[in-house]
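Structural overview
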Amino acid sequence: MAEKLLEIKNLKQHFNVGKPNQVKAVDGISFDIYKGETLGLVGESGCGKSTTGRSIIRLYNATDGEVLFEGENVHGKKSRSDLKKFNRKMQMIFQDPYASLNPRMTVGDIIAEGIDIHGLAKTRKERMDKVYELLNTVGLNQEHASRYPHEFSGGQRQRIGIARALAVDPDFIIADEPISALDVSIQAQVVNLMKKLQREKGLTYLFIAHDLSMVKYISDRIGVMYFGKLVELATSEELYKNPIHPYTQSLLSAIPLPDPESERTRKRIVYNPNIHNYAEGEAVEMREITPGHFVYCSEKEYKQYKTIYAK
Amino acid sequence: MDKVLEVKDLHVSFDTYGGIVKAVRGVNFDLKKGETLAIVGESGSGKSVTSKALMRLIPNPPGRISKGEILFDGRDLTKLSEKEMQKVRGKEIAMIFQDPMTSLNPTMKIGSQIMESLIKHQNLSKSAARERALELLRLVGIPQPEVRINQYPHQFSGGMRQRVVVAVALSCNPKVLIADEPTTALDVTIQAQILELMKDLQNKIDTSIIFITHDLGVVANVADRVAVMYGGQIVETGTVDEIFYDPRHPYTWGLLASMPSLDTSVQTELAAIPGTPPDLMHPPKGDAFAPRSAYALEIDFEHEPPMFQISDTHFAKTWLLHENAPAVEPPKAVVDRRRSMSANFAKPRLVEEAVR
């Protein structure tokens, strides 16, 4: 797992640059994604987690910073063929299974679109065989290939979205809230499917979500975002056991658990960004508290956190 | 405790070109004063239709309440005329919807939206209504109400908007508040705030709440009693402890097992419920959940199971509770959390439909 697949260095994504309504949606975040792992990204809506995902896959042109995929910069000028090569390796699954499938294309054509663009099938038969195989992989039938998206339920559509992402044999998949729009009983089906595919194909996931218990379950490491910044990054076990940043603590304390007893006694921690009280010019950055556990803090806080942690 | 609301054998169906969709098929429940009843179930289970039927908000055509009674204050709401119903709606029974953006009028200042029902139902003068609106905004925790009262919904964030919706719903001190997935569109931190607010207000003004959701974490947080719906029927109902610590219906097991708790290890596979919800145009014969259930018995495919009573408050509609049924072991996630309930009867009792 030591091998880095993706390096994100000081990525910035600002909108409306130079206008009064400039938004710093992502404001200088850095992290690595290792081969074969699942990195979860959590935070409230508007914290920039989806924008991060979209900038990584080049749906937006980054304002500043670098995204290195296998050592190669994703952004910047690229020839058509380079871009094509890159697009094959990185795919995305979207949140809304109703809006992300073209209603005028059959499921077969939706899945085969990537195969056609990249010329992965030589004959018609080969193309359809690939589609059938993909449909089987995600738990749908061959007959579904000739149907249209409106004939499917939400969970089935999300399976189609996954099949489409898999069609070009990617190494890395960005899943932007893939289960938020689904029912509880169906969520577990899709998550199980994604885990199965990861085991079989050695995929790497960036899993963006706000359902913290599901993120904990699927991710190896989790990054917590707040206002365009990454505030804490750790393995999922570590993050839930020893949350250090006050925002992470507040976020974890707000998750409702399916257990009446713990709910009755739950104390919610409220996060107030003013407690940091950073002085002007104080260097606030990601610092490593214990190996693999990074927290966004100042030098002073770093010492504080370390002593708290040592206890 | 007094019953505020009693629903008896409610049937709601929709006439479509494809046939009749039987969205709600014989629902019975009651609501006591000051309690919170949570209705859980997946989309299409009929939970929202049930709540809309209580408010008589089912568009007709195509929908209609084909059978059953909704007793509120001794009156059957299904028999009221539209004009009489308008006096109940908003005043006696109020509703909070899922999406705070679409349930507020974007062209009206939020002050006038709160004042609307005060002027209409309580015959307050405009200035008195304004005073009350300010009071309500303060009550639901909106800072600077004097400024905010003159603003439009788009100037509010999602959580603040939902607070406004709560203020509108509570403006006439309703006896029953129906909350249809009020926090689904919100972030966890905001969700926690709104839930705290609702519990707090319930203590202050003593309303009964029907809380519709599919999030079991939220249910554990707010509910006194829980009703689990599947395929247009209530399949299990009980106190919140009975449902979480001693569930009896295979569908409730499935729901509880399919949610990872924070200490579910990464290695264990989630117990997903296979398949998809039933097609209510042609409801399956027998137990609607049988085709998706690993615990289905042969009889489940032939005869609809009756209600069995496990304690004074706990009912489940499954053949597994019949004395001739084989003993089955629920999924591990359910067994792990099971506790023995002292109030349980020695043996589940069959409930005669006619008596209830």
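Residues numbered from 1 in each chain as written. Chains lettered and ligands numbered in written order. Predicted model: local features only at pLDDT ≥ 70, side-chain atom pairs only at ≥ 80, totals over all residues. Heavy atoms only, no water.

**Points about the overall build of chain A**
Within chain A one finds 11 helices and 12 strands. Referenced to the eigenvectors of the C-alpha coordinate spread, the extents of chain A come out at roughly 65 × 55 × 40 Å. Counting all 311 residues of chain A, 52% fall into the buried class. Put simply, of all contacts in chain A between residues at least 6 apart along the chain, 64% involve residues at least 24 apart. For chain A, the exposed area adds up to about 14400 Å²; of that, 48% sits on carbon and sulfur atoms. Computed over 43 positive and 40 negative side-chain charges, the separation of the two mean positions in chain A equals 3 Å. (Helix = DSSP H or I, 4+ residues; strand = E, 2+ residues; numbered from the N terminus. Buried < 20%, exposed > 50% of the residue type's maximum accessible area, 1.4 Å probe, protein only. Contact = heavy atoms within 4.5 Å. Areas by Shrake-Rupley, 256 points an atom, 1.4 Å probe, with all protein chains shown as cover. Lys, Arg positive; Asp, Glu negative; His and termini not counted. Charge placed at Lys NZ, Arg CZ, Asp CG, Glu CD.)

**Considerations on the overall build of chain B**
When helices and strands are counted, chain B shows 12 helices and 13 strands. Scaling as 2.2 N^0.38, a compact globule of 356 residues should have a C-alpha radius of gyration of about 21 Å, and chain B matches this with 21 Å. Overall, chain B is about 70 × 50 × 40 Å in size when its C-alpha atoms are taken along their principal axes. A buried classification covers 53% of the 356 residues belonging to chain B. Carbon and sulfur atoms make up 52% of the accessible area of chain B, which totals about 15600 Å². Placing the 41 positive and 44 negative side-chain charges of chain B at their respective mean positions leaves the two points 7 Å apart. (Rg over C-alpha atoms; globule rule 2.2 N^0.38 Å.)

**Observations regarding the pairing of strand S9 (residues 221-226) of chain A**
Residues and elements named next belong to chain A. Burial analysis of S9 places six of its six residues in the buried class, which makes it a mostly covered element. Burial along S9 is two-sided: the residues Arg-221, Gly-223 and Met-225 and Ile-222, Val-224 and Tyr-226 are all buried. Across four bridges, the pairing between strand S3 (residues 38-42) and S9 is parallel. Across the sheet, the residue bridging to Leu-39 is Arg-221, located in S9. Relative to strand S10 (residues 229-235), S9 runs antiparallel, the two being bridged by six bridges. Looking across to S10, one finds that Tyr-226 is bridged to Lys-229. (Pairing = 2+ DSSP bridges.)

**A word on the nonpolar core**
Within soluble globular proteins, side chains that are nonpolar tend to cluster in buried spots. By size, the foremost hydrophobic cluster in this structure holds 60 residues, and its most contacted members are Ile-111, Ile-160, Ile-162, Leu-166, Met-194 and Phe-207 of chain A. Per-element accounting of this core gives the leading share, seven residues, to helix H6 (residues 184-201) of chain A. In contact with Met-194 of chain A, not counting residues within four places along its chain, are Ile-162, Ala-175, Pro-178, Tyr-205, Phe-207 and Ile-218 of chain A. Counting residues in hydrophobic clusters, the runner-up holds 35 residues, among them Ile-110, Ile-142, Phe-156 and Leu-201 of chain B. (Core = buried A, V, L, I, M, F, W, Y, C linked by side-chain atoms within 4.5 Å.)

**Here's the deal with the packing of aromatic side chains**
Throughout the structure, instances matching the rule amount to 11 aromatic pairs over all chains. Their ring planes at 40 degrees and their centres at 4.3 Å tell us that Tyr-226 of chain A and Tyr-247 of chain A sit as a pair that is tilted. Taken together, the residues Tyr-226 of chain A in strand S9 and Tyr-247 of chain A in helix H9 (residues 246-253) connect sequence positions 21 residues apart. The class of Tyr-226 of chain A is buried, set by a relative accessible area of 18%. Ring centres 4.9 Å apart and planes at 80 degrees place the aromatic pair Trp-253 of chain B and Tyr-295 of chain B in the edge-to-face group. In this pair, Trp-253 of chain B sits in helix H11 (residues 250-257) while Tyr-295 of chain B sits in the loop between H11 and strand S11 (308-309), placing the two residues 42 residues apart along the sequence. Of the two residues examined, Trp-253 of chain B and Tyr-295 of chain B, each falls in the buried class. Clustering of aromatic rings is evident, with ring pairs tying together Tyr-226, Phe-227, Tyr-247 and Tyr-271 of chain A. Taking the ring centre of Tyr-240 of chain A as reference, the NZ or CZ of Lys-216 of chain A above it sits at 5.5 Å. (Phe/Tyr/Trp six-rings, centres within 6.5 Å; stacked < 30°, edge-to-face > 60°. Lys NZ or Arg CZ within 6 Å of the ring centre and 35° of its normal.)

**Side note on the sheet that holds strand S2 (residues 19-32) of chain B**
All names here are of chain B. In space, the four strands of this open sheet follow the order S2-S1-S4-S5, with antiparallel pairing throughout. Strands at the two margins of the open sheet, each flanked by one partner only, are S2 and strand S5 (75-76). Strand direction decides the pairing type here: strand S4 (residues 63-72) and S5, joined by two bridges, are antiparallel. Following the sheet pairing, Leu-71 is matched in S5 by Asp-76.

**Some words on the pairing of strand S1 (residues 4-15) of chain A**
All names here are of chain A. Relative to strand S2 (residues 23-34), S1 runs antiparallel, the two being bridged by nine bridges. Across the sheet, Ile-8 pairs through a bridge with Phe-31, a residue of S2. As paired elements, S1 and strand S4 (residues 64-69) share five bridges and run antiparallel to each other. Bridging across to S4, Lys-12 finds its partner in Asp-64.

**Some thoughts on the interface of chain B and chain A**
Each partner contributes residues to the interface: chain B has 39 residues there, and chain A has 33 residues. The interface formed by chain B and chain A contains three salt bridges. Salt-bridge contacts for Asp-241 of chain B lead to Arg-264 of chain A; the nearest nitrogen and oxygen are separated by 2.6 Å. Within the residue set of the side of chain B that touches chain A, elements represented by two or more residues are helix H8 (188-205), helix H9 (216-222) and helix H10 (240-245) of chain B. Looking at the side of chain B that touches chain A, the element that brings in the most residues is H8 of chain B, giving seven residues. (Salt bridge = Lys/Arg side-chain N within 4 Å of Asp/Glu carboxyl O.)

**Topic: helix H3 (residues 107-117) of chain A**
Residues and elements named next belong to chain A. Buried within H3 are the following residues: Val-107, Gly-108, Ile-110, Ile-111, Ala-112, Gly-114 and Ile-115. Check the buried side of H3 and you find it contacts helix H4 (124-137) and helix H5 (154-166). Looking one or two places after H3, you find Gly-119, whose phi comes out positive at around 60 degrees.

**A word on the sheet that holds strand S8 (residues 204-208) of chain A**
All names here are of chain A. Strand order in this open sheet of eight strands is S6-S7-S8-S3-S9-S10-S12-S11, and the pairing throughout is mixed. On the outer flanks of this sheet lie strand S6 (90-93) and strand S11 (284-290), each paired with one strand and no other. The average undirected angle you get between the axes of adjacent strands in this sheet is 25 degrees. Bridge count between S3 and S8: four bridges; the pairing is parallel. Across the sheet, Thr-38 pairs through a bridge with Tyr-205, a residue of S8. Against the sheet, H5 contacts S6 and strand S7 (172-176), and its axis sits at roughly 175 degrees relative to S6. On the sheet, H6 packs against S3, S7 and S8 and is oriented at approximately 155 degrees with respect to S8. (Axes fitted to C-alpha atoms, helices over the stretch in contact; angles between N-to-C directions.)

**Details of the environment of Tyr-60 of chain A**
Residue and element names in this part refer to chain A. In this fold, Tyr-60 is placed in the loop between helix H1 (49-56) and S4. The class for Tyr-60 is partly exposed, based on a relative accessible area of 27%. For Tyr-60 and Phe-15, which are 45 residues apart along the polypeptide, the C-alpha to C-alpha distance reads 10.0 Å. Ignoring sequence-local partners within four residues, the contact set of Tyr-60 consists of Gln-13, Phe-15, Thr-51, Arg-54, Ser-55 and His-75.

What is shown is where atoms sit, not what they do.
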